[in-house]
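Each chain, written out:
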Amino acid sequence: MADTRTVQQRSANMRAVRSKNTAPEILVRSTLHRLGYRFRLHRRDLPGTPDLVFPARKCVIFIHGCFWHGHECARGSLPSTNVTFWQTKIGKNKERDTRAQQELKKSGWKVLAVWECEMKNKIRFQNRLVRFLDRKAGAGKVQSKGRLE
Ligand SMILES: [Zn+2]
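## Section: the sheet that holds strand β1 (residues 40–41)
- What the 4 strands build is an open sheet, ordered β1-β2-β3-β4; its pairing is mixed. The open sheet terminates on both sides in strands that have one partner only, identified here as β1 and β4 (110–115).
- Of the strand pairs in this sheet, strand β2 (residues 52–54) and strand β3 (residues 59–64) are connected by 3 bridges, and their pairing is antiparallel. Within the sheet, the bridge partner assigned to Leu52 lies in β3 and is Ile61.
- Sitting on the sheet, helix α3 (residues 83–106) is in contact with β3 and β4, with an inclination near 170 degrees to β3.

Right, dumping it as C-alpha coordinates:
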(Lines give C-alpha, C1' and ligand atoms only; values in the text may rest on other atoms or scores of the structure.)
Protein backbone atom coordinates (compact mmCIF):
# COMPACT_ATOMS: atom_id res chain seq x y z
CA MET A 1 0.00 0.00 0.00
CA ALA A 2 2.58 2.50 1.10
CA ASP A 3 4.68 1.73 -1.95
CA THR A 4 1.80 2.26 -4.32
CA ARG A 5 1.00 5.60 -2.87
CA THR A 6 4.61 6.67 -3.06
CA VAL A 7 4.77 5.81 -6.73
CA GLN A 8 1.57 7.65 -7.47
CA GLN A 9 2.70 10.69 -5.59
CA ARG A 10 5.99 10.65 -7.34
CA SER A 11 4.45 10.61 -10.78
CA ALA A 12 2.04 13.36 -9.78
CA ASN A 13 5.00 15.42 -8.69
CA MET A 14 6.76 14.76 -11.95
CA ARG A 15 3.82 15.86 -13.99
CA ALA A 16 3.66 19.03 -11.97
CA VAL A 17 7.35 19.66 -12.37
CA ARG A 18 7.31 19.02 -16.05
CA SER A 19 4.29 20.89 -17.18
CA LYS A 20 3.39 23.97 -15.25
CA ASN A 21 4.60 27.44 -14.47
CA THR A 22 8.18 26.70 -13.58
CA ALA A 23 10.46 29.60 -12.74
CA PRO A 24 12.27 29.46 -16.09
CA GLU A 25 8.92 29.47 -17.86
CA ILE A 26 7.74 32.51 -15.99
CA LEU A 27 10.97 34.31 -16.80
CA VAL A 28 10.60 33.63 -20.52
CA ARG A 29 6.97 34.67 -20.52
CA SER A 30 7.56 37.94 -18.73
CA THR A 31 10.54 38.75 -20.96
CA LEU A 32 8.59 38.18 -24.15
CA HIS A 33 5.50 39.89 -22.86
CA ARG A 34 7.53 42.97 -21.98
CA LEU A 35 8.92 42.98 -25.54
CA GLY A 36 5.39 43.04 -26.90
CA TYR A 37 4.99 39.46 -28.08
CA ARG A 38 1.64 37.79 -27.66
CA PHE A 39 1.34 34.07 -27.21
CA ARG A 40 -0.73 31.21 -25.91
CA LEU A 41 0.33 28.80 -23.23
CA HIS A 42 0.40 25.00 -23.15
CA ARG A 43 -1.63 24.23 -26.25
CA ARG A 44 -2.65 20.65 -25.62
CA ASP A 45 -3.80 20.18 -29.21
CA LEU A 46 -0.20 20.41 -30.42
CA PRO A 47 2.42 17.66 -30.11
CA GLY A 48 4.29 17.86 -26.82
CA THR A 49 2.05 20.66 -25.46
CA PRO A 50 4.49 23.49 -26.25
CA ASP A 51 5.01 25.93 -23.40
CA LEU A 52 4.58 29.00 -25.58
CA VAL A 53 2.74 29.14 -28.90
CA PHE A 54 2.80 32.06 -31.33
CA PRO A 55 0.05 31.13 -33.79
CA ALA A 56 0.47 33.98 -36.26
CA ARG A 57 4.21 33.43 -36.52
CA LYS A 58 3.85 29.66 -36.55
CA CYS A 59 6.42 29.45 -33.78
CA VAL A 60 6.55 27.37 -30.64
CA ILE A 61 8.96 27.49 -27.73
CA PHE A 62 9.70 24.71 -25.30
CA ILE A 63 11.32 25.62 -22.02
CA HIS A 64 13.28 22.66 -20.78
CA GLY A 65 14.40 22.08 -17.24
CA CYS A 66 17.93 20.69 -17.57
CA PHE A 67 17.31 17.79 -15.21
CA TRP A 68 13.95 16.57 -16.47
CA HIS A 69 14.87 16.84 -20.11
CA GLY A 70 18.36 15.42 -19.83
CA HIS A 71 20.58 18.34 -20.79
CA GLU A 72 24.31 17.64 -21.01
CA CYS A 73 25.24 20.20 -18.39
CA ALA A 74 25.90 20.19 -14.65
CA ARG A 75 22.23 20.63 -13.81
CA GLY A 76 21.32 17.73 -16.05
CA SER A 77 23.47 15.15 -14.29
CA LEU A 78 21.60 12.24 -12.76
CA PRO A 79 21.41 11.44 -9.06
CA SER A 80 23.86 8.77 -7.91
CA THR A 81 21.11 6.54 -6.52
CA ASN A 82 18.43 4.74 -8.57
CA VAL A 83 20.50 5.34 -11.67
CA THR A 84 18.57 2.93 -13.86
CA PHE A 85 15.24 4.45 -12.88
CA TRP A 86 16.41 7.93 -13.71
CA GLN A 87 18.10 6.94 -16.94
CA THR A 88 14.89 5.33 -18.13
CA LYS A 89 12.72 8.18 -16.97
CA ILE A 90 14.83 10.95 -18.45
CA GLY A 91 15.48 8.91 -21.58
CA LYS A 92 11.75 8.69 -22.18
CA ASN A 93 11.36 12.41 -21.70
CA LYS A 94 14.07 13.05 -24.27
CA GLU A 95 12.47 10.71 -26.78
CA ARG A 96 9.12 12.39 -26.27
CA ASP A 97 10.72 15.81 -26.79
CA THR A 98 12.39 14.74 -30.01
CA ARG A 99 9.23 13.17 -31.37
CA ALA A 100 7.08 16.18 -30.55
CA GLN A 101 9.52 18.56 -32.20
CA GLN A 102 9.69 16.44 -35.34
CA GLU A 103 5.91 16.32 -35.59
CA LEU A 104 5.62 20.06 -35.15
CA LYS A 105 8.23 20.77 -37.80
CA LYS A 106 6.46 18.44 -40.19
CA SER A 107 3.31 20.52 -39.76
CA GLY A 108 5.20 23.70 -40.57
CA TRP A 109 5.92 25.02 -37.09
CA LYS A 110 9.22 26.61 -36.22
CA VAL A 111 10.48 25.08 -33.01
CA LEU A 112 12.86 26.45 -30.40
CA ALA A 113 13.81 24.51 -27.29
CA VAL A 114 15.59 26.52 -24.63
CA TRP A 115 17.34 25.20 -21.53
CA GLU A 116 17.10 26.75 -18.13
CA CYS A 117 20.90 26.95 -17.87
CA GLU A 118 20.96 29.19 -20.97
CA MET A 119 19.05 31.88 -19.13
CA LYS A 120 21.93 32.92 -16.96
CA ASN A 121 23.09 35.49 -19.47
CA LYS A 122 19.84 37.39 -19.78
CA ILE A 123 20.76 39.71 -22.63
CA ARG A 124 22.13 36.97 -24.81
CA PHE A 125 19.16 34.79 -24.01
CA GLN A 126 16.66 37.51 -24.84
CA ASN A 127 18.41 38.15 -28.16
CA ARG A 128 18.17 34.51 -29.00
CA LEU A 129 14.42 34.45 -28.40
CA VAL A 130 13.91 37.55 -30.52
CA ARG A 131 16.08 36.22 -33.35
CA PHE A 132 14.04 33.05 -33.39
CA LEU A 133 10.65 34.75 -33.33
CA ASP A 134 11.46 37.37 -35.94
CA ARG A 135 13.22 35.06 -38.33
CA LYS A 136 11.56 34.83 -41.70
CA ALA A 137 9.63 31.66 -42.27
CA GLY A 138 11.83 29.01 -43.81
CA ALA A 139 10.48 25.85 -45.34
CA GLY A 140 7.77 27.15 -47.60
CA LYS A 141 4.74 25.92 -45.73
CA VAL A 142 4.19 29.10 -43.75
CA GLN A 143 2.12 31.72 -45.49
CA SER A 144 2.59 35.42 -45.01
CA LYS A 145 -1.03 36.20 -44.27
CA GLY A 146 -0.42 35.53 -40.60
CA ARG A 147 2.20 38.21 -40.27
CA LEU A 148 1.78 40.68 -37.43
CA GLU A 149 2.11 44.47 -37.58
ZN1 LIG B 1 21.45 22.78 -18.98
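## Some thoughts on the coordination of the zinc ion
- Looking at the zinc ion, one finds its protein donor set to be Cys66 (SG), His71 (ND1), Cys73 (SG) and Cys117 (SG), positioned 2.0 to 2.4 Å from the metal centre.
- Geometry at the zinc ion is tetrahedral, judged from the 4 donor atoms that bind it and their angles of 99 to 120 degrees at the metal.
- Look at where the donors of the zinc ion fall in the sequence and you get C-x4-H-x1-C-x43-C.

## Considerations on the pattern of salt bridges
- Evaluated as defined, the whole model comprises 5 salt bridges.
- The salt bridge partner of Asp134 is Arg57, with a shortest N-O separation of 2.8 Å. Of this pair, Asp134 sits in helix α4 (residues 122–134) while Arg57 sits in the loop between β2 and β3, placing them 77 residues apart in sequence.
- Looking at Arg57, the relative accessible area reads 18%, which means it is buried.
- Arg75 is the partner of Glu116 in a salt bridge, and the nearest nitrogen-oxygen pair spans 2.9 Å.

## Quick look at the environment of Ala100
- Along the polypeptide, Ala100 turns up in helix α3.
- With relative accessibility at 5%, the residue Ala100 sits in the buried group.
- Residues Ala100 and Pro47, spaced 53 residues apart in sequence, show a C-alpha to C-alpha distance of 4.9 Å.

## Focus on the nonpolar core
- Ranked by size, the top nonpolar core spans 15 residues in total, and within it Val28, Leu32, Phe54, Ile61, Val114, Leu129 and Leu133 carry the most contacts.
- Secondary structure elements with two or more residues in this core: α2 (23–34), β2, β3, β4 and α4.
- The next biggest cluster of nonpolar side chains, apart from the first, holds 8 residues, and it includes Leu46, Val60, Phe62 and Leu104.

## Observations concerning α4
- The first and last C-alpha atoms of α4 sit 18 Å apart over 13 residues, in line with the 18 Å expected at 1.5 Å per residue.
- For α4, the elements touching its buried residues are α2, β2, β3 and β4.

## Some remarks on the environment of Gly48
- Relative to the helices and strands, Gly48 resides in the loop between β1 and β2.
- By relative accessible area, Gly48 is classed as partly exposed at 48%.
- For the pair Gly48 and Asp97, spaced 49 residues apart in sequence, the C-alpha to C-alpha distance is 6.7 Å.
- Look past the residues within four positions of Gly48 in its chain and what remains in contact with it is Phe62 and Ala100.

## Considering the packing of aromatic side chains
- Across all of its chains, the model carries 6 aromatic pairs by this definition.
- Measuring from centroid to centroid gives 5.2 Å for Phe67 and Trp68, while their planes differ by 85 degrees, and the two rings are edge-to-face.
- Seen from their ring centres, Trp68 and Trp86 are 6.0 Å apart, and the 65 degrees between their planes marks the pair as edge-to-face. Of the two residues, Trp68 is situated in the loop between β3 and α3 and Trp86 in helix α3; the sequence distance between them amounts to 18 residues. Comparing Trp68 with Trp86, the two get one shared label, buried.
- One aromatic cluster is present, built from ring pairs that chain together Phe67, Trp68, Phe85 and Trp86.

Parameters at a glance
Numbers given to residues run from 1 along each chain, matching the order in which its sequence is written. Where totals are concerned, whole chains, interfaces and linings use all residues; where local detail is concerned, this predicted model gives features only for residues with pLDDT of at least 70, and gives and counts side-chain atom pairs only at 80 or more. Side-chain descriptors were evaluated using all non-hydrogen atoms of the structure, hydrogens and water having been removed beforehand. Paired strands, in this sense, are two strands between which DSSP finds at least two bridges. In this description a helix means any DSSP run of H or I spanning at least four residues, a strand means any run of E spanning at least two, and both kinds are numbered starting from the N terminus. Residue contacts are defined here by distance: any two heavy atoms, one from each residue, within 4.5 Å place the two residues in contact. Interaxial angle, 0 to 180 degrees, is taken between N-to-C directions of lines fitted to C-alpha atoms, where a helix line uses only the stretch in contact. Coordination partners: N, O, S within 2.8 Å of the metal, 3.2 Å for Na, K and Ca; water not considered, so apparent gaps in a site are possible. When four donors show all angles between 85 and 135 degrees the site is tetrahedral, when four or six donors have opposite pairs over 155 degrees and all other angles between 65 and 115 it is square planar or octahedral respectively, and in every other case it is irregular. By salt bridge we mean one thing: a side-chain nitrogen of Lys or Arg within 4 Å of a carboxyl oxygen of Asp or Glu. Burial classes follow relative accessibility: with a 1.4 Å probe on protein chains only, a residue under 20% of its type's maximum area counts as buried, one over 50% as exposed, and anything between as partly exposed. Only buried residues count toward a nonpolar core. Its members are Ala, Val, Leu, Ile, Met, Phe, Trp, Tyr and Cys residues joined through side-chain atoms within 4.5 Å. Between the first and last residue of a helix there are one fewer steps than residues, each counted as 1.5 Å, and that sum is the expected span. Only centres within 6.5 Å qualify two rings of Phe, Tyr or Trp (six-membered ring in Trp) as a pair; their planes then separate them into stacked at under 30 degrees, edge-to-face at over 60, and tilted for everything else.

Read these as geometric descriptors, not functional statements.
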